[in-house]
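# Examining the three-dimensional arrangement
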Amino acid sequence: MTKFSDLNLAPKVLKAVDDAGYESPTPIQEGAIPPALEGRDVLGIAQTGTGKTASFTLPMITMLARGRARARMPRSLVLCPTRELAAQVAENFDTYAKYVKLTKALLIGGVSFNEQDRLIDRGVDVLIATPGRLLDHFERGKLLLTGVQIMVVDEADRMLDMGFIPDIERIFAMTPFTRQTLFFSATMAPEIERITNTFLSNPARVEVARQATAAENIAQNVVMIKGGRRDKAATEKRDLLRALITAEGDSLTNAIIFCNRKTDVDIVAKSLKKHGFDAAPIHGDLEQSQRTRTLDGFRGGELRILVASDVAARGLDVPSVSHVFNFDVPGHAEDYIHRIGRTGRAGRDGKAIMICEGRDEKNLAAVEQLIKKEIPRLDNPLGGNAPETVQPAEKTAKPDTQDKPRRTRTRSKPAKKPQVSAPAETVVETTPVAPVQEQPAQDTKPKEPKQPRNRGGRGRGKDNNKVVGMGEDMPSFIAQSFAERYDD
Ligand code: AMP
């Protein structure tokens, strides 16, 4: 069995790994760390939960331990699709670089520009950023990427889903041609393949087996409901959700409930709270400070039920979640695997229950095709005739704001790296390793929530229920009446 000490990591990094209690490297670490330390590009095909974050942070810390950062010119750059993931990566740097003097800055939305500017001005070894915020800083002339020696792209497939690929291409083009690139993606969609062919040079390809089937230790069920008028169906689904949660009794220690739309995340959380459940929402429109507080509470066990959108919950490392509920069948079958993978971690048993309306049966079929099995049907505990709860309408929810991809910037021509015809490949096939360590979320300063801007580029839209034909100026009375119908 390979040991961490076989991997050529700096002694101070090994000491921090030892403190973390890890016994041996995970397959992605074993495959990616040696070529990364040799200065090679790495293409890591691995999902979260496999230890992929340490597979790039450990060699980076080893390589950056020597040398000094210059003002406004970060020496390395890590790009992450969401603020939470960026914060998680920053925590990893804190954990593994505790015996090494490295400076870092986190550039994410919801944190004040001034504080971030100050750090960058002083010079940082590691810059961790979401693409939009990075480009904002760049455009304000506060940042130079010409000193970047190592660039990491984390969760590239999620970047693709969120419409960030043109931003990524632009950022690649702003970094030196000689940089080392460590690129991670759970899947290799054609667009991702194209990017890696363009920007990676002779990469070591390290692949850990994809979770094409959900882990065996997760019991899965689906409850079918007929549905009907959308507002009625939504009320029925919330009644059913409460019944399902209650039916789990004490076996439910904590749960994540996934909804496809941000409005539903808010409505479901509010509804659960009203009915005495300990629940809170998390999605991209909430202030960063609130997101951090909610996540910390959930990780720490003070909050029992987290109601989440895919984007906000993706990649989050919460080691023990007893239940996952899918309030909706996800529109992308792959999201089902990511969602239910939040439970059953570290070899524990988990339970995943989904609600499927008649209109979502096509999506359910896609999920079952992907996981190559039929999800056992569970009888509706309300007998399929859920009573309607009539509640006075309140005017708090917003119109539909499905977690949608950001619009992207205009694409600039990428700086092409020389293509090597037959890249040497290191292929490690194995199953993902479950997490062992819980890490607190980084505390960040709140700022006014920001609306996504139109950057005039492309991006894959997911916004199915958007009111069209009124531009950005949907009259508030329309928004309100839509919300009222769903306000239970
Ligand atoms: P990641 O895939 O980077 O999100 O990591 C998932 C979890 O695995 C995190 O909680 C890490 O702390 C944990 N982890 C990383 N490397 C190892 C290792 N070598 N042994 C055990 N756990 C690890």
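It should be noted that the structure appears before, not after, this text.
An account of the accompanying structure is given in this report.

The rules we used
Residues numbered from 1 in each chain as written. Predicted model: local features only at pLDDT ≥ 70, side-chain atom pairs only at ≥ 80, totals over all residues. Heavy atoms only, no water. Axes fitted to C-alpha atoms, helices over the stretch in contact; angles between N-to-C directions. Helix = DSSP H or I, 4+ residues; strand = E, 2+ residues; numbered from the N terminus. Parallel < 35°, antiparallel > 145°, perpendicular 65-115°, else oblique. Left-handed = near helix turned anticlockwise from the far one by under 90°. Contact = heavy atoms within 4.5 Å. Pairing = 2+ DSSP bridges. Core = buried A, V, L, I, M, F, W, Y, C linked by side-chain atoms within 4.5 Å. Buried < 20%, exposed > 50% of the residue type's maximum accessible area, 1.4 Å probe, protein only. Right-handed = clockwise from strand over helix to strand, strands pointing away. Salt bridge = Lys/Arg side-chain N within 4 Å of Asp/Glu carboxyl O.

The next thing to look at is the packing of helix α2 (residues 27–37) against helix α3 (residues 52–64). Orientation of α2 relative to α3, taken along the N-to-C sense of each, is 25 degrees, at an axis distance of 9 Å. Considered as vectors, α2 and α3 are oriented roughly parallel to each other. As for the relative orientation of α2 and α3, their crossing is right-handed in sense. Where α2 approaches α3, its residues Ile28, Gln29, Ala32, Ile33, Ala36 and Leu37 are matched on the opposing element by Lys52, Ala54, Ser55, Leu58, Pro59, Thr62 and Met63.

A word on the sheet that holds strand β1 (residues 42–45). Note: strands within a sheet are paired through backbone hydrogen bonds, in either parallel or antiparallel orientation. Pairing within the open sheet is parallel, and its seven strands lie in the order β3-β4-β2-β5-β6-β1-β7. Strands with a single pairing partner mark the edges of an open sheet, and in this sheet they are β3 (104–107) and β7 (204–207). Neighbour-to-neighbour, the strand axes of this sheet turn through a mean angle of 10 degrees, independent of strand direction. With four bridges connecting them, β3 and strand β4 (residues 126–129) associate as parallel partners. Residue pairing in the sheet places Leu106 in a bridge with Ile128 of β4. Each of β2 (76–79), β3 and β4 is contacted by helix α4 (residues 83–96), which is oriented at about 170 degrees to β3, the strand it contacts most.

A few words now on the nonpolar core. Within soluble globular proteins, side chains that are nonpolar tend to cluster in buried spots. The biggest cluster of nonpolar side chains holds 41 residues, and the ones touching the most others in it are Leu58, Met60, Val78, Ile128 and Leu182. Ala156, Met159, Phe199 and Val311 belong to the second largest nonpolar core, which has 33 residues in total.

This paragraph deals with the sheet that holds strand β10 (residues 279–282). Read from one edge of the open sheet, six strands run β8-β13-β12-β9-β11-β10, paired in parallel fashion. This sheet does not close on itself; its edge strands, each paired only once, are β8 (218–225) and β10. Put simply, the sheet's adjacent strands are angled 20 degrees from each other on average, direction ignored. Examined bridge by bridge, β10 and strand β11 (residues 305–308) share four bridges and lie parallel to one another. Bridge pairing in β11 links Ala280 to Leu306.

The subject of this paragraph is the pairing of β10. Of the two faces of β10, both are covered, the one formed by Ala279 and Pro281 as well as the one formed by Ala280 and Ile282. Running through helix α12 (residues 288–300), the crossover from β10 to the neighbouring parallel element β11 is right-handed.

On to the pattern of salt bridges, then. According to the stated counting rule, one finds 22 salt bridges in the structure shown. Arg194 is the salt-bridge partner of Glu191, the closest N and O atoms lying 3.1 Å from each other. Remark: Arg194 and Glu191 occur in helix α9 (residues 190–199); sequence separation between them is three residues, near one turn of the helix. The salt bridge partner of Lys351 is Glu248, with a shortest N-O separation of 3.3 Å.

Interpretation in functional terms is not warranted from these geometric data alone.
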